[in-house]
Amino acid sequence: IAVVNSFKTQGEILNSALALPVSPTWENYAAVIKTADFPRAFLNSCLVTAGGIALNLSVSALAGYALSRWKSKWADVITLVFLSSMFVPFHTIMIALLTTARDLKLTGSIGGLILIYCGLQCPIPIFLIKGFVRSIPRELEEAAMIDGCGTVRMFFSVVLPMLRPTLISVGILETMWVWNDYLLPYLVLDINKYKTIPIHVQYLQGSYGTVDLGATMAVMVFSILPIIIVYLFCQKYIIKGVAAGAVKG
């Protein structure tokens, strides 16, 4: 529906949103590209998504490996603490989160939003990575250490390459969430300076609440297309990665 309506005029959309365009037009896409806000919003969404996912996967990979190999009851306790946060609705902690972020000077900037996304997304990757690392034979790590690898080099040279399916699958799932998220960027970012694509769609309204439906549909197509492309290229890793991280052996 979004694709079809993006090639129609305002009158055609109001007449019938499900009908095919009488004379397809590219004016909606041209109008969106020419506006200064959309390229900036697209860039902001790319920065937030890429930064948040990269930082989250880096922290989660290290934490999941450490918790898997740490021979202590505290490893299970810390894992349980991480997993318990998955059962707490975001709206329950929203006010406390924003207050803490403001006190730490994390609000109003893309960097602060990236750190918040990293913290909120850690539980699932840590759980999957910890489960996958347990299936890796310790003999591989011991052989690397006998050959002279330290712990850090052994992790990046031996363990991390084997984590690729899990990291890719988790990265895709979380990319879809971050890219399409509206509430957290709206609450954290300075809207006058930074807008992501979901926020940009909200601000397409004109005076008296009027909306250019054709331009709105074009923006939605632009926002959906990158995620579809990423998913199509990486979908084979999703089931493989989740299964590898959820089942031992």
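For the structure, check the block above.
Computed from a predicted structure; not experimentally measured. (Residues numbered from 1 in each chain as written. Predicted model: local features only at pLDDT ≥ 70, side-chain atom pairs only at ≥ 80, totals over all residues. Heavy atoms only, no water.)

Turning our eyes to something else, we now look at the overall build of the chain. Secondary structure assignment for the chain yields 15 helices and 0 strands. Expressed as lengths along the three principal axes of its C-alpha atoms, the size of the chain is roughly 70 × 40 × 30 Å. Going through the 249 residues of the chain one by one, you find that 39% of them count as buried. When contacts within the chain are restricted to residue pairs at least 6 apart in sequence, long-range pairs at least 24 apart make up 71% of them. As presented, the chain carries roughly 14100 Å² of accessible surface, and 68% of it is formed by carbon and sulfur atoms. Each charge class in the chain was averaged separately, 18 positive and 13 negative side chains, and the resulting centres sit 6 Å apart. (Helix = DSSP H or I, 4+ residues; strand = E, 2+ residues; numbered from the N terminus. Buried < 20%, exposed > 50% of the residue type's maximum accessible area, 1.4 Å probe, protein only. Contact = heavy atoms within 4.5 Å. Areas by Shrake-Rupley, 256 points an atom, 1.4 Å probe, with all protein chains shown as cover. Lys, Arg positive; Asp, Glu negative; His and termini not counted. Charge placed at Lys NZ, Arg CZ, Asp CG, Glu CD.)

Attention now goes to a nonpolar patch on the surface. On the surface, Trp-70, Trp-74, Val-77, Ile-78 and Val-81 cluster together into a nonpolar patch covering about 480 Å² of accessible area. Positionally, Val-81 belongs in helix α5 (residues 73–84). Its relative accessible area of 54% is what places Val-81 among the exposed residues. (Patch = residues over 30% accessible without salt bridge, like charges linked within 9 Å, V, L, I, M, F, W, Y side chains within 5 Å. Salt bridge = Lys/Arg side-chain N within 4 Å of Asp/Glu carboxyl O.)

This model, assessed by the stated rule, comprises 3 salt bridges. Linking Glu-141 and Arg-69 is a salt bridge whose minimum nitrogen-to-oxygen distance equals 2.5 Å. Residue Glu-141 is found in helix α9 (residues 138–146), and its partner Arg-69 is found in helix α4 (residues 37–69); the two are separated by 72 residues along the sequence. Note on Glu-141: relative accessible area 7%, which makes it buried.

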